[in-house]
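Below, each chain spelled out in residue letters.
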Amino acid sequence: MDFNEISFRVRYAETDQMGVVYHGNYAQYLEMGRVEWLRGLGISYKSMEESGIMLPVISLSVDFKKPAVYDDVLRVVTVLKKRPLVKIEFDYKIYNEAGEILAEANTVLAFIDMKTKRPIKCPDEVLEKIKT
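Residues numbered from 1 in each chain as written. Predicted model: local features only at pLDDT ≥ 70, side-chain atom pairs only at ≥ 80, totals over all residues. Heavy atoms only, no water.

Enquirer: Can you help me understand the overall build of the protein chain in this one?
Expert: Check the secondary structure of the protein chain and you find 3 helices and 7 strands. The C-alpha atoms of the protein chain give a radius of gyration of 16 Å, which matches the 14 Å a tight globule of 132 residues would have. Projected onto its principal axes, the C-alpha coordinates of the protein chain cover approximately 45 × 30 × 20 Å. Taking all 132 residues of the protein chain together, 39% fall into the buried category. A separation threshold of at least 6 residues defines the contact pool for the protein chain, and within that pool the share at least 24 residues apart is 66%. Of the roughly 7,700 Å² that the protein chain leaves accessible, carbon and sulfur atoms contribute 53%. (Helix = DSSP H or I, 4+ residues; strand = E, 2+ residues; numbered from the N terminus. Rg over C-alpha atoms; globule rule 2.2 N^0.38 Å. Buried < 20%, exposed > 50% of the residue type's maximum accessible area, 1.4 Å probe, protein only. Contact = heavy atoms within 4.5 Å. Areas by Shrake-Rupley, 256 points an atom, 1.4 Å probe, with all protein chains shown as cover.)

See the structure below:
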């Protein structure tokens with residue numbers, strides 16, 4: 001699987017006084033997309049951590065096109081950019097209910113051994129389930 005989609009409604013607490021989604025919340029939206037992408041492979045992030053692997057974000061960029069506002073239903077499309085090695089990279093598009101692109105984003109994460117704090121290769125379990 002090279003992509004996944006999730007939808008959710010913007011909560012009031014995620015907005016500023018103008019009713020616009022605070023920019024810092026987009027990082028959480030991207031995380032939601034990544035976690036569900038993994039879950040779509042049949043892998044939970046929790047199980048990866050339990051096996052001693054963490055995935056810290058090492059790069060994050062967001063290009064904002066239009067504001068998301070309170071009570072919007074957003075759709076986050078998460079796309080695996082290329083077959084992972086030591087890093088895994090995703091592209092994202094966030095849409096509103098009208099199908100307008102609100103933001104385009106990219107994240108890069110590294111597979112890290114939790115004991116040694118050193119980079120490791122992508123787990124075989126993940127590679128086996130990716131069709132790229």
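Next, the rest of the story.
Enquirer: Looking at this structure, I do not really get the sheet that holds strand E4 (residues 73-80). What am I missing?
Expert: Backbone hydrogen bonds hold the strands of a sheet together, and the pairing may be parallel or antiparallel. On the basis of which strands lie adjacent, the open sheet formed by 5 strands has the order E1-E4-E5-E6-E3 and antiparallel pairing. What marks the edges here is a single partner per strand, and that holds for strand E1 (3-9) and strand E3 (57-64). Strand-to-strand twist across the sheet, computed as the mean angle between neighbouring axes with direction ignored, equals 15 degrees. Pairing of E4 with strand E5 (residues 87-95), which is carried by 6 bridges, proceeds in the antiparallel orientation. When the bridges of E5 are listed, Val77 appears paired with Lys93. Helix H1 (residues 25-40) rests against E1, E3, E4, E5 and strand E6 (101-110) of the sheet, and its axis sits at about 130 degrees to E1. (Pairing = 2+ DSSP bridges. Axes fitted to C-alpha atoms, helices over the stretch in contact; angles between N-to-C directions.)

Enquirer: What is the right way to look at the environment of Trp37 in this model?
Expert: Looking at the element boundaries, Trp37 is found in helix H1. Trp37 gets classed as buried once you look at its relative accessible area, which sits at 0%.

Enquirer: In this structure, what is going on with the pattern of salt bridges? I would like to understand it.
Expert: Any two side chains of opposite charge can pair, so long as their charged atoms come close to each other. This model, assessed by the stated rule, comprises 10 salt bridges. Salt-bridge contacts for Glu36 lead to Arg39; the nearest nitrogen and oxygen are separated by 3.2 Å. Here the residue Glu36 and the residue Arg39 both occupy positions in helix H1, the gap between them amounting to 3 residues, near one helical turn. Overall, the relative accessible area of 46% leaves Arg39 in the partly exposed class. Salt bridges linked by common partners bring Asp63, Lys65, Lys93 and Glu104 together as one network. (Salt bridge = Lys/Arg side-chain N within 4 Å of Asp/Glu carboxyl O.)

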